[in-house]
Amino acid sequence: ALPRGYNFDYINAEVLKQCTLKDGCLSLPSGMQYRVLVLPQQKTMRPEVLEVIERLVKQGLNIVGPQPTASPSMQNYPKCDQQVRRLAERMWKADKYGKGRVWADGTELQTVLDALGVKPDCFAPHNIPYAFIHRQQTESDIYFVSNQSEKTLTFDATFRIDGKAPDTWDPVTGEKRQLPQYRQQDGLTTVPMHLEPNQSLFVVF
């Protein structure tokens, strides 16, 4: 389960091959970065994909998931299965692997994120039904925050941003409004939010 206040994207093997590691994060050519790679709940993986993951883990990536035991492809069988087993056994038996770590299947994601010191990206009180998406640009961070209920919500939202001032942009009316009452502490910014039923806003830092 994904802990509250965090978000994720799906990635396939072809995109994974284009990724690099930057500051301990899985980095896409687009600039998007991720702290943890969660593997699918299956015991098969092609050798060439596992080799890409091994390279990234050695450089510092953290991964969570089941240890693969075979290849889903019959190409180069049975050598392909032997490659997968040999490489996976080496990776999964070590607490640290190079600069990165392989977390055992079943490890709670909150445990991994806490160990890495990754605070929630956008957090609100537990009684607030909200959803968010975060995108980074060269000079700004953009959060799309939506009210997932039929009720008006007034609450404080805390963002994993520091040193930047927030504005709200209304995607329906185009109205832009500064938020002078925000607070910053310990690398986080807390912003007072007011959302009408099913309303969405861009919070731009």
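As shown above, the structure is provided for reference.
Residues numbered from 1 in each chain as written. Predicted model: local features only at pLDDT ≥ 70, side-chain atom pairs only at ≥ 80, totals over all residues. Heavy atoms only, no water.

Caption draft 1: Summary view of empty space enclosed by the protein. Counted under the stated rule, the structure contains one cavity of 30 Å³ or more. Approximately 30 Å³ is the volume attributed to the largest cavity. Residue composition of the lining of the largest cavity, by class: five nonpolar, two polar and no charged. (1 Å grid on protein atoms, 1.4 Å probe; cavity = no way out; pocket = protein on both sides within 12 Å on 5 of 7 lines; lining within 4 Å. Points joined across faces, edges and corners; volume = space filled by probe spheres on them. Nonpolar A, V, L, I, M, F, W, Y, C, P; charged D, E, K, R; others polar.)

Caption draft 2: Layout of the sheet that holds strand S5 (residues 62-64). What the three strands build is an open sheet, ordered S4-S5-S6; its pairing is parallel. Each having just a single partner strand, strand S4 (36-38) and strand S6 (101-103) make up the two edges of the open sheet. Within this sheet the neighbouring strands show an average axis-to-axis angle of 20°, counted without direction. Taken together, the three bridges between S5 and S6 define a ladder with parallel strand orientation. Pairing of Ile 63 across the sheet is with Val 102, part of S6. Of the strands in this sheet, S4, S5 and S6 are in contact with helix H4 (residues 109-116), which crosses S4 at around 160°. (Pairing = 2+ DSSP bridges. Helix = DSSP H or I, 4+ residues; strand = E, 2+ residues; numbered from the N terminus. Axes fitted to C-alpha atoms, helices over the stretch in contact; angles between N-to-C directions. Contact = heavy atoms within 4.5 Å.)

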